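This is what each chain is made of:
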Amino acid sequence: QVQLVESGGGLVQPGGSLRLSCAASGSIFSIYAMGWYRQAPGKQRELVAGITSGGSTNYADSVKGRFTISRDNAKNTVYLQMNSLKPEDTAVYYCNAEISPTSIATMKGEVYDYWGQGTQVTVSP
């Protein structure tokens, strides 16, 4: 069993900052890519930022230069530093991780997608 637990959401004024964290726990042998997605009311879930196990990153155009994704492999944790927040950043933010639970699964190339429960980010005056 694998769990992803997010924290750090909340209410912030435009121009403010928040830092989201997502810790993976449970049966984990290898964690590959990790990422943050968001879903605003009435919209589809979209990728915000991703990071590979080697540290390569990618961002949605709408957040480039404002958001920074990072990870601590020793803690199985991924972070999203969000600066210069805008009202349009308001959404539920979800953590995602590609995980192989055991050494045997890793050898077989078995990788599973896991999601956190989501954390609300609201940007409002």
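In every chain, residue numbers begin from 1 and rise along the written sequence. In keeping with the model being predicted, local features are shown solely for residues with a pLDDT of at least 70 and side-chain atom pairs are shown and tallied solely at 80 or more, while totals for entire chains, interfaces and linings include all residues. As a rule here, side-chain values cover all heavy atoms of the structure and leave hydrogens and water aside.

A. Seen up close, the overall build of the protein. Within the protein one finds one helix and eleven strands. Sequence-ordered secondary structure for the protein, helices as α and strands as β, is β-β-β-β-β-β-β-β-β-α-β-β. We take the radius of gyration over the C-alpha atoms and set the globule estimate at 2.2 Å times the residue count to the 0.38 power. Scaling as 2.2 N^0.38, a compact globule of 125 residues should have a C-alpha radius of gyration of about 14 Å, and the protein matches this with 15 Å. By the burial criterion, 39% of the 125 residues in the protein qualify as buried. With residues, only the protein chains shown are counted as cover, and all accessible areas are computed by Shrake-Rupley using a 1.4 Å probe. Approximately 6,600 Å² of the protein is accessible, and the part contributed by carbon and sulfur atoms is 49%. Only four residue types enter the charge count, namely Lys and Arg as positive and Asp and Glu as negative; His and the chain termini do not. Taken as the charge centre is NZ of Lys, CZ of Arg, CG of Asp or CD of Glu, depending on the residue. One way to put it: in the protein the 10 positive side-chain charges average out to a point 4 Å from where the 9 negative ones average out. Helix and strand assignments come from DSSP, with helices taken as H or I runs of at least 4 residues and strands as E runs of at least 2, each series counted from the N terminus. Relative accessible area decides the class of each residue, using a 1.4 Å probe on protein chains only: under 20% of the type maximum gives buried, over 50% gives exposed, and in between gives partly exposed.

B. Representation of the state of the cysteines within the structure. Defined by distance alone, a disulfide is two cysteine sulfur atoms within 2.5 Å. For the structure shown, the criterion picks out one disulfide. A disulfide bridge connects cysteine 22 with cysteine 95, and the sulfur atoms are separated by 2.1 Å. The chirality of the disulfide connecting cysteine 22 with cysteine 95 is left-handed, given an S-S dihedral of about -80 degrees. On the criterion of sequence distance, the pair formed by cysteine 22 in strand 3 (residues 18-26) and cysteine 95 in strand 9 (residues 91-100) is long-range, its members being 73 residues apart. Of the two residues, cysteine 22 and cysteine 95, neither departs from the other in class, the shared state being buried.

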